[in-house]
Amino acid sequence: MNKTARTLVKLALLALPATALGQESSAPSGKWSVGVGAAVIDSPYAGEESRVRPFPLVSYEGERVFLRGISGGVHLYDSGGFTFDAILSARLYGFDISDLGHAELVANGVDPGLLSDRDDGIDAGFQATFTSTWGAVSLEGVHDISDASGGYEISLDYRYTWLFDRTALTANAGASWMSSDLAGYYFGILDEEIARGVAGYSPGSAVIPRIGLTLMHPIGASKWQLLGSVEYQFLPSELSDSPLLEPDSDGFGRVVLGLSRRF
């Protein structure tokens, strides 16, 4: 796969926020949802700018097995108000150094020629979700099994959906704790880079809060529906001070618009 195609795929899979995927998962058992969308993503990395890219929207919800964008899994326990799942998901945080800005990295005191690319990862773990009239709370813990970073992440999210006739508006808020191995791999300077002469930077573990809104609206009496969402993630100082990022990057956001059809 060439570089352009790989970038498109990565942006496609990253584009749909957790709130939208959670809302897709409420589809009747055994239903597919397929469609297309476009995302505007603001990158915090040095020299990268906002991008507008098309992407596919695909989800499936069975009685035991589910697919939700970049993740999938199996319901190990489901009582209606509580589910406990085994999950497998892609971590598409990887990037090629050549995609970053040469001048911007040099201005940050880093020689791009001494840096290494960062690989994507594959996470495995468990997710517990409590659902009630007051909303839904999800607790997730995953570990990188691809040996890209070898790190861990624990996430806690809350979402609440308002229904206006057939239109659904979901608000979400949450945070993720990244282990030092995970944060260091994607936001720090690697040991091999230090050995080449790059000044070391190790952010340690970090907590990344996030907020978002997702709107889903059916089109007439058909099975088509419109999707719109916005999400913003706040970067703590231990990550925003990274020489790989734009100076004073305190967070990044994304906007998604899509059209899908249920089958």
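Bear in mind the structure is a predicted one, so any value in this text is a computation, not a measurement.

Participant: Quick question: what am I supposed to make of the side chain of R68 here?
Facilitator: Mapping R68 onto the fold places it in strand β3 (residues 65–68). Polar contacts involving the side chain of R68 include one to the side chain of E61, which spans 3.0 Å.

Participant: Quick question: what am I supposed to make of helix α4 (residues 180–187) here?
Facilitator: Three or four residues apart is the spacing at which side chains of an α-helix point the same way, because the helix has 3.6 residues per turn. With six of its eight residues buried, α4 lies for the most part within the structure. Turning to α4, its buried residues are L182, A183, G184, Y185, Y186 and F187. Taken together, the buried residues of α4 touch β5 (82–91), β6 (121–132), β8 (152–164), β9 (167–178) and α6 (237–240).

Participant: Explain a nonpolar patch on the surface to me, please; I cannot follow it from the model alone.
Facilitator: A surface patch of nonpolar side chains, amounting to about 560 Å² of accessible area, comprises L139, Y152, I154, L156, W177 and V207. Take the nonpolar patch: its biggest share by element is three residues, from β8. In this fold, W177 is placed in strand β9.

Participant: Honestly, the pairing of strand β4 (residues 71–78) in this entry has me stumped. Any pointers?
Facilitator: For a regular strand, side chains alternate in direction, first toward one face of the sheet and then toward the other. Relative to β4, β3 runs antiparallel, the two sharing four bridges. From the neighbouring strand, L67 faces β4, where its bridge partner is G72. Taking the residues between adjacent antiparallel strands as the criterion, β3 and β4 are bridged by two residues, where G69 takes a positive phi near 65°. Once β4 ends, the chain turns through three residues before running back antiparallel as β5, passing G80 with a positive phi of about 95°.

Participant: How do you make sense of the packing of aromatic side chains when you look at a structure like this?
Facilitator: As enumerated under the stated definition, the model contains 10 aromatic pairs in all. Each ring, one from Y77 and one from F82, has its centre 6.0 Å from the other, and the planes form 45°; the classification is tilted. Residue Y77 is classed as partly exposed on the basis of its relative accessible area, which comes to 46%. Centre to centre, the rings of Y93 and Y186 are 5.4 Å apart; their planes meet at 70°, and the pair counts as edge-to-face. With Y93 in the loop between β5 and α3 (102–107) and Y186 in helix α4, this pair connects stretches of sequence that are 93 residues apart. Overall, Y93 belongs to the partly exposed group, its relative accessible area being 28%. Exposure remark for Y186: the relative accessible area of 0% places this residue in the buried category. The aromatic ring of F66 is capped on one face by R68, whose charged end is 4.0 Å from the ring centroid.

Cut-off values and rules
- Numbering of residues starts from 1 in every chain and runs along the sequence as written.
- Where totals are concerned, whole chains, interfaces and linings use all residues; where local detail is concerned, this predicted model gives features only for residues with pLDDT of at least 70, and gives and counts side-chain atom pairs only at 80 or more.
- Excluding hydrogens and water, the side-chain figures rest on all heavy atoms present in the structure.
- Helix numbers and strand numbers start at the N terminus; a helix is a DSSP run of H or I with at least 4 residues, a strand a run of E with at least 2.
- Definition of a polar contact: a pair of N or O atoms within 3.5 Å, with one able to donate and the other able to accept a hydrogen when the atoms are protein atoms, and with sequence-neighbouring residues admitted only if both atoms are side-chain atoms.
- The cut-offs for exposure are 20% and 50% of the maximum accessible area for each residue type, with area from a 1.4 Å probe on protein chains only; residues under the lower value are buried, those over the upper are exposed, and the others partly exposed.
- Contacts: residue pairs with any heavy atoms within 4.5 Å of one another.
- To count toward a patch, a residue needs a relative accessible area over 30% and no salt bridge; like charges are then connected within 9 Å, while nonpolar side chains (Val, Leu, Ile, Met, Phe, Trp, Tyr) are connected within 5 Å.
- Using the Shrake-Rupley algorithm and a 1.4 Å probe, accessible areas are obtained, with residue cover drawn only from the displayed protein chains.
- The term salt bridge refers to a pairing of a side-chain nitrogen on Lys or Arg with a carboxyl oxygen on Asp or Glu at a separation within 4 Å.
- We treat two strands as partners when DSSP finds at least two bridges between them.
- Stacked, tilted and edge-to-face are the three classes assigned to paired rings of Phe, Tyr and Trp, where Trp is represented by its six-membered ring and a pair needs centres within 6.5 Å; plane angles under 30 degrees give stacked, over 60 edge-to-face, the rest tilted.
- Lysine and arginine charges are scored as sitting over a ring when NZ or CZ, respectively, is within 6 Å of the ring centre and within 35 degrees of the ring normal.

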